[in-house]
Amino acid sequence: HGLTDDMSTVDGPHCTRRRALVGLAAGAGALLGARVAAAAPQAALITKAIPATGEKLPVIGLGTDKFRNTDQEAITAEIRRMSQLGGKVIDTAAAYGDSEALIGQALAAAGLGGRMFLATKLTAGGNGYFGGGLGGAASFERSLALLKTQRVDLLQVHNLDGVDELMPQLQQWKQAGRIRYIGITTSRVSQHEQLLEFMRRHPLDFIQVDYSIDNRDAASKVLPLAAQRGMAVLANVPFGFGATLRQAQTRKLPAWAADIDVTSWGQFMLKYVVSHPAVTCAIPGSTQVAHLEDNQGAARGRLPDEAQRRKMEQFWDAGRG
């Protein structure tokens, strides 16, 4: 579901086999055709490099802020399916209720420990967040325990809360091998100017910022600075906290969306986001396998070029209420 098959890559033996069996009964021919289609390789997974190291990540990850009070079996099924489809980046936070615990249990149950790219977040003081308001080192230790790991791939200062205060500690953890990358996050346009200040001040590996076809503010200054400074970008709320996706459901997907291998509004929005040169990975949230499969479909097939991105923007803007 949601994945694009590239039928042009069916190899010679399959085609020869079909020609040799042309004379078979119609039923057998239909069955053979189905088998050939099933054997056709799917479009290649789209990845982008982390500027700091060149390590490549699939362009569609998973946001987990809705995991709170969600059934463990459902989360395990979703994360297992994500891995099967080639997805890798899982973004969580100490503030996301029992998200970290659910992820840790899911990774253990699915045998995926150490195979996914784990990103979590902390703040300096906790600010009453889930987990007794723990901040700083206590928050990080708790995250490691819940995620059932000795190391996380990316540790981020959540909503810019305590960036200057926490940065020396994050650098120490990175040098000690307890984290691989350092980042900071926001999901609010009102914090973009402050985000820019921190980006200029600190040697960050990643930033995380709100960016969608309906909220393109980050493209004016934040994304260009990230590219200039060699910072990877995780794009959050690509569906506008769900509002943009709900708005899209009242409209018909344009026929030309097929030109970029898009079969749903979710894929339309995600391919717009990850086709920006500065964006490394989008992290749409989902708690259902069907939604995850559709989202992961945006990591296959063709991405829009600059002209197609403008066309997407114009189409979207023309339909705003």
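Residues numbered from 1 in each chain as written. Predicted model: local features only at pLDDT ≥ 70, side-chain atom pairs only at ≥ 80, totals over all residues. Heavy atoms only, no water.

**Thoughts on the side chain of Gln156**
Then comes step 1: With respect to the helices and strands, the residue Gln156 is situated in strand S6 (residues 152-157).
Then comes step 2: Residue Gln156 is classed as buried on the basis of its relative accessible area, which comes to 1%.
Then comes step 3: One polar contact links Gln156 to Asp91, side chain to side chain, over a distance of 3.1 Å.
Then comes step 4: Within polar-contact distance, the side chain of Gln156 engages the side chain of Gln208 at 2.7 Å.
Then comes step 5: Each residue touching Gln156, except ones within four places of it in the same chain, is listed here: Asp91, Ala119, Thr120, Lys121, Leu122, Gly183, Ile184, Thr185, Gln208 and Leu234. (Helix = DSSP H or I, 4+ residues; strand = E, 2+ residues; numbered from the N terminus. Buried < 20%, exposed > 50% of the residue type's maximum accessible area, 1.4 Å probe, protein only. Polar contact = N/O pair within 3.5 Å; in protein donor to acceptor, adjacent residues only side chain to side chain. Contact = heavy atoms within 4.5 Å.)

**Structural notes on the pattern of salt bridges**
Then comes step 1: The final tally for this structure, using the stated rule, is 15 salt bridges.
Then comes step 2: A salt bridge links Asp91 to Lys121; the shortest N-O distance between them is 2.6 Å. In this pair, Asp91 sits in strand S4 (residues 89-91) while Lys121 sits in strand S5 (residues 117-122), placing the two residues 30 residues apart along the sequence.
Then comes step 3: Here Arg178 makes a salt bridge to Glu141, at a shortest N to O gap of 2.8 Å. Taken together, the residues span a long stretch of sequence, with Arg178 in the loop between helix H6 (163-175) and strand S7 (179-185) and Glu141 in helix H5 (residues 136-147) at a distance of 37 residues.
Then comes step 4: For Arg178, a relative accessible area of 24% gives the class partly exposed. (Salt bridge = Lys/Arg side-chain N within 4 Å of Asp/Glu carboxyl O.)

**Examining the environment of Asp205**
Then comes step 1: Note that Asp205 resides in the loop between helix H7 (192-201) and strand S8 (206-210).
Then comes step 2: As for Asp205 and Gly183, which are separated by 22 residues in sequence, their C-alpha atoms are 5.9 Å apart.
Then comes step 3: In this structure, Asp205 is in contact with Ala52, Lys174, Arg180, Tyr181, Ile182, Met231 and Ala232, ignoring residues within four places of it in sequence.
Then comes step 4: A polar contact is formed between the side chain of Asp205 and the backbone nitrogen of Ile182, at a distance of 2.9 Å.

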